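The primary structure of each chain is shown beneath.
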Amino acid sequence: MSTPPTLPFTQKKPRKLADLTACVKTYNPNADTQLIEKAYRFSEEVHKNQKRSSGESYFHHPIEVAFIIAELELDTVSVATALLHDTVEDTVATLEQIEKEFGLEIATLVDGVTKISQISFQTSEEKQAENFRKMVFAMAKDLRVILVKLADRTHNMRTLQHLKPDKQARIAQETLDIYAPLANRLGLSAMKRELEDLSLRYTKPEIYYKLVAQVSKKLKERDQYTQDVLAMIEGALHEHGYNNATVTGRPKHFYSIHKKMEKRNLAYDQVYDLTGFRVVLETVEQCYGVLGLIHSLWTPVPGRFKDYIAIPKANFYQSLHTTVVGPGGEKIEIQIRTKEMHDTAERGIAAHWAYKEEKSLSQETSKFSWLNRLVEWNKDLQDPNEFLETVKLDLFSEDVYIFTPKGKVIEFPQGATPLDFAYTIHTDLGHHCIGAKVNGRMVPLKYKLKSGDTVEVLTSPNQTPNKDWLKLVKTSRAKSKIRQFIKVQEHENSKVLGEMILEKELKKEDLRFKTLLKEGLFEPAIEAFSLRSIEDLLSAIGYGKLSVRKVIGKIPLPAKENSPEAKEARETKETKRPLQKIVEEASKKSTTRQVVKVKGIEDLLVHFARCCSPVPGDSVIGFITRGRGISVHTRKCPKIFDSDPHRLIDIEWDMTTPSERAVKIRVICEDRPGLLADMSGVIKDQEANITRAQIGTTKDKKAVCLFSISIKNLNHLSKIISALEGVPGVLRVERVQKKQQ
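Residues numbered from 1 in each chain as written. Predicted model: local features only at pLDDT ≥ 70, side-chain atom pairs only at ≥ 80, totals over all residues. Heavy atoms only, no water.

Time to look at the overall build of the protein chain. Helices and strands together make up the secondary structure of the protein chain, namely 30 helices and 21 strands. Relative to its full complement of 741 residues, the protein chain shows a buried share of 50%. For the protein chain, the proportion of contacts with a sequence separation of at least 24, taken over those separated by at least 6, is 66%. Carbon and sulfur atoms provide 51% of the accessible area of the protein chain, an area that totals close to 36,000 Å². (Helix = DSSP H or I, 4+ residues; strand = E, 2+ residues; numbered from the N terminus. Buried < 20%, exposed > 50% of the residue type's maximum accessible area, 1.4 Å probe, protein only. Contact = heavy atoms within 4.5 Å. Areas by Shrake-Rupley, 256 points an atom, 1.4 Å probe, with all protein chains shown as cover.)

Before going further, it helps to examine unusual backbone geometry. You will see that Glu-73, though not glycine, has its phi angle at about 60°, which is positive. Along the chain, Glu-73 turns up in the loop between helix 3 (60-71) and helix 4 (76-84). Residue Glu-687 is not a glycine yet carries a positive backbone phi of 60°. Structurally, the position occupied by Glu-687 is in the loop between helix 29 (675-685) and strand 19 (689-697).

Once that is clear, we can look at the sheet that holds strand 18 (residues 661-670). One open sheet holds the 4 strands; their spatial order is 19-20-18-21, and the pairing between them is antiparallel. Two strands bound the open sheet, and with one partner strand each, they are strand 19 and strand 21 (730-736). If you compare each strand with its neighbour and ignore which way they point, the axes differ by 20° on average. Inspection of the sheet shows strand 18 paired to strand 20 (residues 702-711) by 10 bridges, in the antiparallel sense. Its bridge partner being in strand 20, Lys-664 is matched across the sheet by Ser-708. (Pairing = 2+ DSSP bridges. Axes fitted to C-alpha atoms, helices over the stretch in contact; angles between N-to-C directions.)

What follows is about the sheet that holds strand 11 (residues 455-459). If you trace the 3 strands from one edge of the open sheet to the other, you get 10-9-11, paired in antiparallel fashion. Each edge of the open sheet carries a strand with a single partner, namely strand 10 (441-443) and strand 11. On average, each strand axis in the sheet is inclined to that of its neighbour by 30°, with strand direction left out of account. Bridge count between strand 9 (residues 433-438) and strand 11: 5 bridges; the pairing is antiparallel. Looking at strand 11, one finds that Lys-437 is bridged to Glu-456.

As a further point, take the pattern of salt bridges. Side chains carrying opposite charge are able to pair once their charged atoms draw close together. Scanning the model with the defined rule gives 28 salt bridges in all. Residue Glu-196 pairs with Lys-192 through a salt bridge whose shortest N-O separation is 3.8 Å. Taken together, the residues Glu-196 and Lys-192, both in helix 11 (residues 189-203) and 4 residues apart, mark about one turn of the helix. For Glu-687, the salt bridge identified is with Lys-712, shortest N-O distance 3.6 Å. Of this pair, Glu-687 sits in the loop between helix 29 and strand 19 while Lys-712 sits in the loop between strand 20 and helix 30 (714-725), and the two are 25 residues apart along the sequence. (Salt bridge = Lys/Arg side-chain N within 4 Å of Asp/Glu carboxyl O.)

The next subject is the side chain of His-431. For His-431, the position within the fold is in helix 20 (residues 427-431). In this structure His-431 touches Tyr-423, Gln-463, Thr-464, Pro-465, Trp-469, Lys-481 and Phe-485, once residues within four positions along its chain are discounted.

Looking now at helix 13 (residues 219-239). Its 21 residues give helix 13 an end-to-end C-alpha distance of 30 Å, which sits within 8% of 30 Å, the value for a rise of 1.5 Å per residue. Residues Arg-222, Tyr-225, Thr-226, Val-229, Leu-230, Ile-233, Ala-236 and Leu-237 constitute the buried set of helix 13. For helix 13, the angular spread of the buried residues around the axis is 135°, confining them to a single face. What points out from helix 13, more than 90 degrees from its buried face, is the exposed set Lys-220, Glu-221 and Glu-239. (Expected span 1.5 Å × (residues − 1). Arc of directions from axis to C-beta.)

A separate point is the nonpolar core. Counting residues in hydrophobic clusters, the biggest one holds 61 residues, and the most contacted among them are Ile-106 and Leu-150. With 8 residues, the top contributor of residues to this core is helix 9 (residues 143-158). Non-local contacts of Leu-150, meaning those with residues more than four positions away in its chain, are made with Tyr-179, Leu-182, Ala-183, Leu-186, Leu-188 and Met-191. Counting 25 residues, the second largest nonpolar core, distinct from the first, contains Val-229, Leu-237, Ile-332 and Met-341. (Core = buried A, V, L, I, M, F, W, Y, C linked by side-chain atoms within 4.5 Å.)

On the surface, Val-496, Leu-497 and Met-500 cluster together to form a nonpolar patch covering roughly 290 Å² of accessible area. In this structure, Met-500 sits in helix 21 (residues 476-508). (Patch = residues over 30% accessible without salt bridge, like charges linked within 9 Å, V, L, I, M, F, W, Y side chains within 5 Å.)

Two strands pair when backbone bridges link them, and strand 9 and strand 10 are joined in this way by 3 bridges, in the antiparallel orientation. Among the inter-strand pairings, Val-438 is bridged to a residue of strand 10, identified as Arg-441. Taking the residues between adjacent antiparallel strands as the criterion, strand 9 and strand 10 are bridged by 2 residues, where Asn-439 takes a positive phi near 55°.

Below, the discussion takes up empty space enclosed by the protein. Across all of its chains, the model carries 2 cavities of 30 Å³ or more by this definition. Considering only enclosed or pocket space, the largest cavity measures out at about 100 Å³ in volume. The wall of the largest cavity is formed by 11 residues, among which Val-215, Leu-219, Arg-222, Pro-251 and Thr-275 lie closest to the centre. Among the elements that take part in the lining of the largest cavity, helix 13 stands out by supplying 4 residues, more than any other. For the lining of the largest cavity, the per-class residue count stands at 6 nonpolar, 3 polar and 2 charged. (1 Å grid on protein atoms, 1.4 Å probe; cavity = no way out; pocket = protein on both sides within 12 Å on 5 of 7 lines; lining within 4 Å. Points joined across faces, edges and corners; volume = space filled by probe spheres on them. Nonpolar A, V, L, I, M, F, W, Y, C, P; charged D, E, K, R; others polar.)

Another aspect to go through is helix 14 (residues 254-264). Those residues of helix 14 that sit buried are Phe-254, Tyr-255, Ile-257, His-258, Lys-260, Met-261 and Glu-262. Where helix 14 is buried, its residues meet helix 10 (165-185), helix 11, helix 12 (205-217) and strand 21. In the segment just after helix 14, Asn-265 is the residue with positive phi, at about 55°.

Topologically, Arg-661 is positioned in strand 18. Comment: no salt bridge for buried Arg-661; closest opposite-charge side chain is Asp-618, at 7.9 Å. For Arg-661, the residues in contact, after removing those within four places along its chain, are Phe-608, Ser-613, Pro-614, Val-615, Pro-616, Ile-709, Ser-710 and Ile-711. (Lys, Arg positive; Asp, Glu negative; His and termini not counted.)

So, about the pairing of strand 7 (residues 399-403). Within a regular strand, the side chains alternate between the two sheet faces. Within strand 7, 4 of the 5 residues are buried, which leaves it mostly tucked inside the rest of the structure. Relative to strand 8 (residues 409-413), strand 7 runs antiparallel, the two being bridged by 5 bridges. Within strand 8, the residue paired with Ile-402 across the bridge is Ile-410. Counting the residues in the hairpin turn of strand 7 and strand 8 gives 5 residues, including Gly-407, whose phi is positive at 95°.

Below, the discussion takes up the environment of His-716. Mapped onto the fold, His-716 is located in helix 30. The buried category is assigned to His-716, whose relative accessible area is 9%. Between the C-alpha atom of His-716 and that of Gln-686, which follows or precedes it by 30 residues, the distance is 8.0 Å. Each residue touching His-716, except ones within four places of it in the same chain, is listed here: Gln-686, Glu-687, Ala-688, Ser-710 and Ile-711.

Note that every value here comes from positions in space, so none of it alone points to a role or purpose.
Right, here's the structure in full:
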């Protein structure tokens, strides 16, 4: 039957120990309820004087978390951990006490959940990367840690209305960025849907409640359509002997509707496949039989069929997906699966654990190839930003499944190319890749792989990686290997260049590089600049990171050449300027108010990169230019990843200095009279000035408005975007980077 989309979880009357043990007994009659009762009593005692923001007893929270774990049908150790998960962090209880009372296994799980709870993802990029590392290690050690943490976050999101708006938005965004994708990767689709809907409610309340109203308004009409389609499917199934089939239909959740509208620039009335249908059967053979039956009822939409039974997703998800043109010409999506597959789809990793098999859930970690990849990359990738990029890519990506010539299946993120495939097989294969044969047909390196492709790599001994390859690959392994190769090559080139520069300057002193090297006279310079070897010294000179005259100034030359006068003369003949020199000159040239700082140094000569247009509040990094001071980029700017890492420098905004920056935003909206005036009024109300406006229309009667506005900081921009999203008729608002224009 059809059910309407539910509003966020409504807090029920506090549940008791008997309710919890009864819930556990439904799926595990032999459960050790004494352990659960002991954990219940212990947690109740240490939390007894604490209150939540809602005013209710704090102990209500661990009980509800334990119920979520029980609903996933996890073991009694997990249920006990859920009851105890906040005791070490929020009460006088210690980890040693937990271990003494409940044993090492539970103590280890509680410690893991505590450590993840202390992680903040609202910090700097580098700090975020370190926090991701901690979480990956905790997950890899025992998956029950992250399951309890997800249950904890789910209940916190259900009760988020009791916090202040700014905290609601921060927690909801973190949930959307980190925890909902994690739930998806672990196959917990029901939890993922709930977290996404709750996050949308607090990150974009105007859009959320507008969707609630629109769905409710057409609920009766949609429900009748759903009932009609259900009756047709059930009738066909019974007619062909599928009497044990279960057919359901339900509206898609709010977040998925919002993303579809945003991705395709659609108004709500233009989204037709708002209802999904599911057929649950006994066997795999029946699934394929029903697929043929569905296609005989309605015309399938080309390119919209996916067989996740033959090739399951990385989170074990299995199902047949097809989209057909149903009654009234509406597109409807139908999923076909077995009962076991349905259980896995809803409970994910938890569905792979059973008491009767007497195996630990922690052993299931090895089955998650994406998690194993993260652990491997955590060891290989030293750059914290690269690791952060890796984790986010792997959390959010939908996998495609590629075959080797021998029939082995390998997972890749969407958008992967033959280069990614080559580097996955072997580093040398990637370095020398010139193209590939996909399904027997020659394709270029930029070809995007599709599920089911069979790939054969073509190589040449004369081929080597270059920076353009970084734009072609998607996997972090490929990016890492290409960057590593380029860095080695650049290091070698800079050494040769550095030696040439040094040799040229030494000749002016009637000296020879090799003679000084044999006598060990470069050691003082190496030590003075905190370098490891002569190779590093030459490389630093070649990069322009060190002044060749300052290097010579550290070499113990005869007294005449090493006199104060000679040193001063050498300083005036510098051919390369180190960072400090740039900063000193910048302080003399700067005529504008300082808006960024380098480790407390004031009055920098800076300019803002047009490629990413950073504004105060963006996470930024500086690039040392030749003669133009510091170029300011956002840390996510693609140009930064292709830049010489030795010329990058940490900078920060000087938030004490008032300043305004121009930024461009794009508004997709309905083409109606007066809408431009409404949007202009909203921008004015937010104390921002429109410096330029460009308006156009599309074939489907949408308006595309490009505004250049002056803003104070990132928070100011967020308020403007939020206000515009609340204007009737506005479908989508986004900040525009140069490559999007």
